[in-house]
Number of protein chains: 2
Amino acid sequence: MKIGILGTGMVGKTLGTKMVELGHDVMLGSRSAENAAALEWAQASRGRAGTFAEAAAHGELVFVATKGEHTAAALTLANADETLAGKVVIDVTNPLDFSKGMPPTLTISNDDSLGELLQRNHPGVRIVKALNTMWCGLMVAPRMLPESHHTFVSGNDADAKAQVVALLKSMGWRDEEVVDLGDITTARGTEMYLPLWVRLYGVKGTGAFNLKLVFAG
Amino acid sequence: MKIGILGTGMVGKTLGTKMVELGHDVMLGSRSAENAAALEWAQASRGRAGTFAEAAAHGELVFVATKGEHTAAALTLANADETLAGKVVIDVTNPLDFSKGMPPTLTISNDDSLGELLQRNHPGVRIVKALNTMWCGLMVAPRMLPESHHTFVSGNDADAKAQVVALLKSMGWRDEEVVDLGDITTARGTEMYLPLWVRLYGVKGTGAFNLKLVFAG
């Protein structure tokens, strides 16, 4: 499949490398077509690099993997209403604000979320919030953990979520590990988990952990 | 031990009954000494009922288990600066606002928390946030779940947290299941998990679940 990835940081490159490994034709997009990180990644990983708009146009399915502060702008710069019309966009970002130091706060939360903002900004794009509750190394290698654990999907379009679940399964996630929380407003829940995640990361000194939901038998 | 519990709803009564079972001398406190729910509980459970101030004065250790909207007022009505001076207060509450319908929002979050508010209001009281990430039935019966799972403590006073951990162990929690997140500001993390908890409750139709943290080996 042709996959676009908006964002050339650690998350974008990690997702991109995994997608190439899975046999996809991947383009990493950034503000500039001359982005050194993206060009270097493309050469090393047999992928491609381009602008946000080029990566969005390239992908049949597109990840948004920028820093939260750039997510909305990345879709605007990508000309999303045209390049992403009708496509499934997996939003793995979080609205973290590190500008006031640690711990970060959220720039949007409580009665709104970044996932909802993207969906409002681009009603013709099928936004699915997913994978935003963990370190990127774990997103693409869920079997790194010694037992089962969970990830969440939020979105308004059932078919879009089904496509995301299928992709997650190809990445090593098991069917029963993906919890469909409901519509895109449920992204509030997963984004607001980040302040706890950040504290756990601080206490445990590793990002290689995730949540397992344990139910009474 | 003498234990006070501020709040006579399901959470307060569940905690109270467990504390009686563990052999403690328990008083449930409410706005009025004539609270029917508290008096009924006291008769059925071999506990006591009184005002917030009486329950606070009674307890060597005190739980706050009101609805979040009443938590700060409960401590004020309890005359906390006198009745709770130097005592350990376990805050199990969450700042949930159901007034705008479902899902609830938080009345305080992001750069503050209810736990911090209580600690600021009453600097002489040793506030420990704990157990607020789950259904009350699970707080007092952690072995109800078929495997290990986790709870969190947040507070500024290490000795106070150690007392809470000891009490949690007496309730069935295992040492390694209690994660000390740090000072009381970390209550932001556990309180902000509630929007995800509420969605999981909605999807799964049960409150009998909790988080297990799974780490890479």
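Our subject is the structure that appears above.
Residues numbered from 1 in each chain as written. Chains lettered and ligands numbered in written order. Predicted model: local features only at pLDDT ≥ 70, side-chain atom pairs only at ≥ 80, totals over all residues. Heavy atoms only, no water.

**Student:** What should I look at first to understand the overall build of chain A in this one?
**Tutor:** Check the secondary structure of chain A and you find ten helices and eleven strands. Dimensions of chain A, computed from the C-alpha atoms along their principal axes, are close to 50 × 40 × 35 Å. Here chain A holds 217 residues, and the buried ones make up 60% of them. Looking at chain A alone, contacts between residues at least 24 apart form 68% of all its contacts between residues at least 6 apart. Computed over 20 positive and 23 negative side-chain charges, the inter-centroid distance for chain A is 5 Å. (Helix = DSSP H or I, 4+ residues; strand = E, 2+ residues; numbered from the N terminus. Buried < 20%, exposed > 50% of the residue type's maximum accessible area, 1.4 Å probe, protein only. Contact = heavy atoms within 4.5 Å. Lys, Arg positive; Asp, Glu negative; His and termini not counted. Charge placed at Lys NZ, Arg CZ, Asp CG, Glu CD.)

**Student:** Which parts of the structure should I look at to understand the pairing of strand β8 (residues 126–130) of chain A?
**Tutor:** All names here are of chain A. With four of five residues buried, β8 is to be regarded as a mostly interior element. When β8 meets strand β9 (residues 151–155), the two strands line up antiparallel, connected through three bridges. Across the sheet, Lys129 pairs through a bridge with Ser154, a residue of β9. (Pairing = 2+ DSSP bridges.)

**Student:** I'm lost on the packing of helix α4 (residues 68–77) of chain A against helix α6 (residues 114–121) of chain A in this one. Help?
**Tutor:** Packed helices, taken two at a time, are described by their axes: the angle between them and the distance between them. All names here are of chain A. It is at 10 Å that the axes of α4 and α6 come closest, and there the two elements cross at 10°. Here α6 runs roughly parallel to α4, going by the angle between their axes. Crossing geometry of α4 relative to α6 is assigned as right-handed. Counting all contacts with α4, which are made through Gly68, Thr71, Ala72 and Leu75, the residues of α6 involved are Leu114, Leu117, Leu118 and Asn121. Taken together, the residues of the contact of α4 with α6 break down into five nonpolar, three polar and no charged. (Axes fitted to C-alpha atoms, helices over the stretch in contact; angles between N-to-C directions. Parallel < 35°, antiparallel > 145°, perpendicular 65-115°, else oblique. Left-handed = near helix turned anticlockwise from the far one by under 90°. Nonpolar A, V, L, I, M, F, W, Y, C, P; charged D, E, K, R; others polar.)

**Student:** Would you take a moment to explain the sheet that holds strand β1 (residues 2–6) of chain A for this structure?
**Tutor:** Residue and element names in this part refer to chain A. Taken together, the eight strands give an open sheet; going across it, the order is β3-β2-β1-β4-β5-β8-β9-β10, and neighbouring strands pair in mixed fashion. A strand with exactly one partner marks an edge of an open sheet, and here the two such strands are β3 (48–51) and β10 (178–182). Strand-to-strand twist of the sheet, defined as the mean angle between neighbouring strand axes without regard to direction, takes the value 25°. Judged from the five bridges that link them, β1 and strand β2 (residues 25–30) form a sheet pairing that is parallel. Bridge pairing in β2 links Ile3 to Val26.

**Student:** Looking at this structure, I do not really get the pattern of salt bridges. What am I missing?
**Tutor:** Between side chains of opposite charge, pairing is possible as soon as their charged atoms come close. For the coordinates displayed, the defined rule picks out 28 salt bridges over all chains. For the salt bridge of Asp159(A) with Arg126(A), the shortest nitrogen-to-oxygen distance reads 3.0 Å. Of this pair, Asp159(A) sits in helix α8 (residues 158–170) while Arg126(A) sits in strand β8, and the two are 33 residues apart along the sequence. By relative accessible area, which is 21% here, Arg126(A) ends up partly exposed. As a salt-bridge pair, Glu177(A) and Arg174(A) come within 3.7 Å of each other at their nearest N and O atoms. The buried category is assigned to Glu177(A), whose relative accessible area is 0%. For Arg174(A), a relative accessible area of 35% puts it in the partly exposed group. Salt bridges linked by common partners bring Glu147(A), Lys212(A), Glu147(B) and Lys212(B) together as one network. (Salt bridge = Lys/Arg side-chain N within 4 Å of Asp/Glu carboxyl O.)

**Student:** How should I be thinking about the sheet that holds strand β5 (residues 88–91) of chain B in this particular structure?
**Tutor:** Across a sheet, paired strands are connected by hydrogen bonds in the backbone, their directions being either parallel or antiparallel. Residues and elements named next belong to chain B. Strand order in the open sheet formed by eight strands is β3-β2-β1-β4-β5-β8-β9-β10, with mixed pairing between adjacent strands. Edge positions in the open sheet fall to β3 (48–51) and β10 (178–182), since each of these has one partner strand only. Going from strand to strand, the sheet's axes swing by 25° on average, the running direction of each strand aside. Inspection of the sheet shows strand β1 (residues 2–6) paired to strand β4 (residues 61–64) by four bridges, in the parallel sense. Pairing of Ile3 across the sheet is with Leu61, part of β4. Here helix α1 (residues 10–21) sits on the sheet in contact with β1, β2 (25–30) and β4, set at roughly 165° to β2.

**Student:** I keep staring at the relation of the copies chain B and chain A and nothing clicks. Help me out?
**Tutor:** For the pair of chain copies, the relating operation is a rotation around an axis with a shift along it. Note on the identical chains: chain B maps onto chain A by a rotation of 180° and an axial translation of 0.0 Å, with an RMSD of 0.0 Å. Such a turn and shift between the copies fits a two-fold axis. Same-surface contact between copies: 100% of interface residues of chain B are shared with the interface of chain A. (Least-squares fit on C-alpha atoms with pLDDT ≥ 70 in both.)

**Student:** Explain the interface of chain B and chain A to me, please; I cannot follow it from the model alone.
**Tutor:** Contacts between the two partners involve 39 residues from chain B, matched on the other side by 39 residues from chain A. Both faces combined, the contact of chain B with chain A buries some 3,400 Å², and carbon together with sulfur accounts for 70% of it. Viewed at the interface, chain A and chain B are joined by two salt bridges. The salt bridge involving Glu147(B) is made with Lys212(A); its shortest N-O contact spans 3.0 Å. Applying the counting rule to chain B against chain A returns eleven residue pairs in polar contact (both at pLDDT 80 or more). Breaking the side of chain B that touches chain A down by element, the ones donating at least two residues are β7 (105–106), β10, α9 (187–192), α10 (194–204) and β11 (209–215) of chain B. The dominant element in the side of chain B that touches chain A, judged by the number of residues it contributes, is β11(B), at seven residues. Pairing of strand β11 (residues 209–215) of chain A with β11(B), which is carried by seven bridges, proceeds in the antiparallel orientation. In the strand pairing of β11(B), Phe215(A) is matched with Phe209(B). (Buried area = accessible area lost by both parts, 1.4 Å probe. Polar contact = N/O pair within 3.5 Å; in protein donor to acceptor, adjacent residues only side chain to side chain.)

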